[in-house]
Amino acid sequence: MPGPMGGPMRRGQGEVQKPKDFKKTTKKLINSYLSKYKIAIIVVILFAIGSTIFTIVGPKILGNATTEIFNGIVGKISGGNGIDFGKIGQIALTLIGLYIISAIFSFIQGFTMTGVAQKITYKLRNDIAVKINKLPMKYFDTKTHGEVLSVITNDIDTLGMNLNQSITQIITSICTIIGILVMMFSISWQMTLISLIILPVAAIFVKIIVGRSQKYFQRQQDYLGHVNGQVEEIYAGLNIVKVFNGEKKVTKQFEKANNELYTSAWKSQFLSGLMHPVMNFISNIGYVGVAVAGGYLAIKGTITVGNIQSFIQYNKQFTQPINQIAQISSTLQSMVAAAERIFEFLEQPEEIDTAKGNIDTSKLKGNVEFKHVKFGYNPDVTIIKDFNSKVKEGQKIAIVGPTGAGKTTMVKLLMRFYDVTSGEILVDGHNIKDFERGELRKMFGMVLQDTWLFGGTVKENIKYSREDATDDEVIQAAKAAHVHHFIKTLPKGYNSVINEESTNISAGQKQLLTIARVILANPKILILDEATSSIDTRTEIQIQDAMDNLMKGRTSFIIAHRLSTIKNADLILVMNHGDIVEQGTHDELLAKNGFYADLYNSQFEEVEE
């Protein structure tokens, strides 16, 4: 989601992401994923309970040791035998044994739950990877790249980490609360009531502090987005800022946003910082009450000194699981919200499979026919109204027209990135809907204005279109694309590592590499979309020559704004507002002195001006 000034904002910065339907999403998570690991989760629950029980019993046994020491000292003063170190040693060994067993149980449940969480995360990532390839292009038209990536990265990571922590923490915290209450009541119900009275008082103070601080945390997040957005925007457009002497203006804007961020951050941090001292103060009051009550009961002989020590330890531990559950509640909200977004993504409608049997594309030649094609990205708006055209194998077809005429849309329909609303597109007499999408697209090769190279070697980038190609075939494709000489100048030749950000490769050279990739694929039909629009004249001649090699013997669709590049096309389709308004050769269309002639002449007038 973009920030206020164009900067990115990440989920989970200071605010708890809440799900739309907590119950439904939780049920889906359990039924679809967690239920497959029932045995492992039962093991986690049992060992978490065991670990907690052994830990809780510890203070009571330690209290017995304290009582034994106290009685021994008192007995010694009264002329008795003194401290029984043998009995204390047994108590200490018992205590150490319990803590060792508790640690082992804790390790087993942690190890098991981590495995379950990672397996679920692994499966979700695989499910999403498969799903992406099945989603129609119209889905990605409605989402930014950041939103899709956030599901794949942030949401799955959030789910995986919180799932691992939350389940064991919930079990441990609930067991701890119940166990400590039982132990406290077993020692003294009077002292336990004093401890419990403190809880609602603490809850009231926490509610007041959280209520006051929440609005400042929200404001802090808003202005953090402002500050980050301004920094990113200014950094990206630093040249423009300097050209128009905007340094003072942007500095003043930044100072204003930064000051608001400082004020809100200070207030939110100060108020949240009060939580700890306030809770300590209330707890200390509770300890005073417990100590007074314990002393009184000890004097009456209804409680031992060791039990008082044990109770104080339990009293200190009692608030910890309550705080943990409060923290887990927000963690659970974030986890279920992340799961909800993942499930929404996985439940998106997939591309409809309309294939009718296997069609051997290797025997097809590349004849294409558009018959009364109608299409709109939205049902209410028709972009392509009634498109009709026949293209013979090996022909060079140029599609021209003003921006928004529907040129690129026709190509997207041809490759089935979108399906026509009505009418049909035929390849050698076969409706393209009868092909498997993957098989259909094997027939096509595309060279776009925006080149795409991935991190890898030159050879790997060229072989992307055909993994089984030999080194000789790669070299031949590079020679046909007029990029072999350039590749040989690189430090490691075809094994040189490049990527989209490589600074030692020009835009023209990148384009030639993508042409080599398409030549290697040896497709029946070519689509060239604004392939030379951002290239200098000298490089354009090279690229044009490479593309001429590429187009030999292939049906080619060329989309171009610069009409001078398509004079030798076998057929020019002139589009406007989704319709073919004219078609013919360059000379025939100029002779008509119609829409194409106006486009062509206006371009030369612009050049002369």
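Residues numbered from 1 in each chain as written. Predicted model: local features only at pLDDT ≥ 70, side-chain atom pairs only at ≥ 80, totals over all residues. Heavy atoms only, no water.

Draft legend 1. Quick peek at the pattern of salt bridges. This model, assessed by the stated rule, comprises 13 salt bridges. Among the ionic pairs, E473 bridges to R466, the shortest N-O distance being 2.7 Å. Since its relative accessible area comes to 31%, E473 is described here as partly exposed. Of the residues examined, R466 reaches a relative accessible area of 26% and is grouped as partly exposed. Bridged by salt links that share partners, the residues E351, R416, D419 and R437 form one connected network. (Salt bridge = Lys/Arg side-chain N within 4 Å of Asp/Glu carboxyl O. Buried < 20%, exposed > 50% of the residue type's maximum accessible area, 1.4 Å probe, protein only.)

Draft legend 2. Highlighting the nonpolar core. I462, V483, I487, I515, I566, I572 and Y596 are the most contacted members of the largest nonpolar core, which has 43 residues in total. Looking at this core element by element, the count peaks at seven residues for helix α15 (residues 507-521). Those residues within four positions of V483 in sequence are excluded, and the remaining contacts are A478, Q509, L512, L513 and A516. (Core = buried A, V, L, I, M, F, W, Y, C linked by side-chain atoms within 4.5 Å. Helix = DSSP H or I, 4+ residues; strand = E, 2+ residues; numbered from the N terminus. Contact = heavy atoms within 4.5 Å.)

Draft legend 3. Region of interest: helix α10 (residues 407-414). Along α10, six of the eight residues are buried, which leaves the element largely enclosed by surrounding structure. When we look at burial in α10, the residues that qualify are K407, T409, M410, V411, L413 and L414. Following α10 by one or two positions, R416 adopts a phi angle in the positive range, close to 60°.

Draft legend 4. Seen up close, the environment of Y494. As for its position among the elements, Y494 is in the loop between α14 (484-489) and β8 (497-498). Spatially, the C-alpha atom of Y494 lies 5.1 Å from that of V458, the residues being 36 residues apart in sequence. Setting aside residues no more than four positions away along its own chain, Y494 makes contact with T457, V458, K459, I462, V474, I475, A478, H484, I487 and K488.

Draft legend 5. Structural view of a positive patch on the surface. Taken together, the side chains of R212, K215, R219 and K267 present a region of like positive charge at the surface. In terms of residue count, the dominant contributor to the positive patch is helix α6 (residues 189-236) (three residues). By the secondary structure assignment, R212 is in helix α6. (Patch = residues over 30% accessible without salt bridge, like charges linked within 9 Å, V, L, I, M, F, W, Y side chains within 5 Å. Areas by Shrake-Rupley, 256 points an atom, 1.4 Å probe, with all protein chains shown as cover. Lys, Arg positive; Asp, Glu negative; His and termini not counted. Charge placed at Lys NZ, Arg CZ, Asp CG, Glu CD.)

Draft legend 6. Examining the packing of aromatic side chains more closely. Tallied over the full model, the rule gives 14 aromatic pairs. When the ring of Y139 is compared with that of F345, the centres are 5.7 Å apart and the planes differ by 75°; the resulting orientation is edge-to-face. Residue Y139 is located in helix α4 (residues 137-141), and its partner F345 is located in helix α9 (residues 305-346); the two are separated by 206 residues in the primary sequence. Taken together, the ring pairs connect F47, F54 and F105 into an aromatic cluster. The residue whose ring lies beneath K36 is Y33, and the NZ or CZ to ring-centre distance is 5.8 Å. (Phe/Tyr/Trp six-rings, centres within 6.5 Å; stacked < 30°, edge-to-face > 60°. Lys NZ or Arg CZ within 6 Å of the ring centre and 35° of its normal.)

Draft legend 7. Structural context of the sheet that holds strand β5 (residues 430-431). Across the sheet, which stays open at both edges, the four strands sit in the order β2-β1-β4-β5 with antiparallel pairing between neighbours. Of all strands in the sheet, those with a lone pairing partner are β2 (384-391) and β5, marking the two edges. When strand β4 (residues 422-427) meets β5, the two strands line up antiparallel, connected through two bridges. Considered in β5, the bridge of V427 is made with H430. The strands touched by α10 within the sheet are β1 (368-375), β2 and β4, with β1 carrying the most contacts at an inclination of about 110°. (Pairing = 2+ DSSP bridges. Axes fitted to C-alpha atoms, helices over the stretch in contact; angles between N-to-C directions.)

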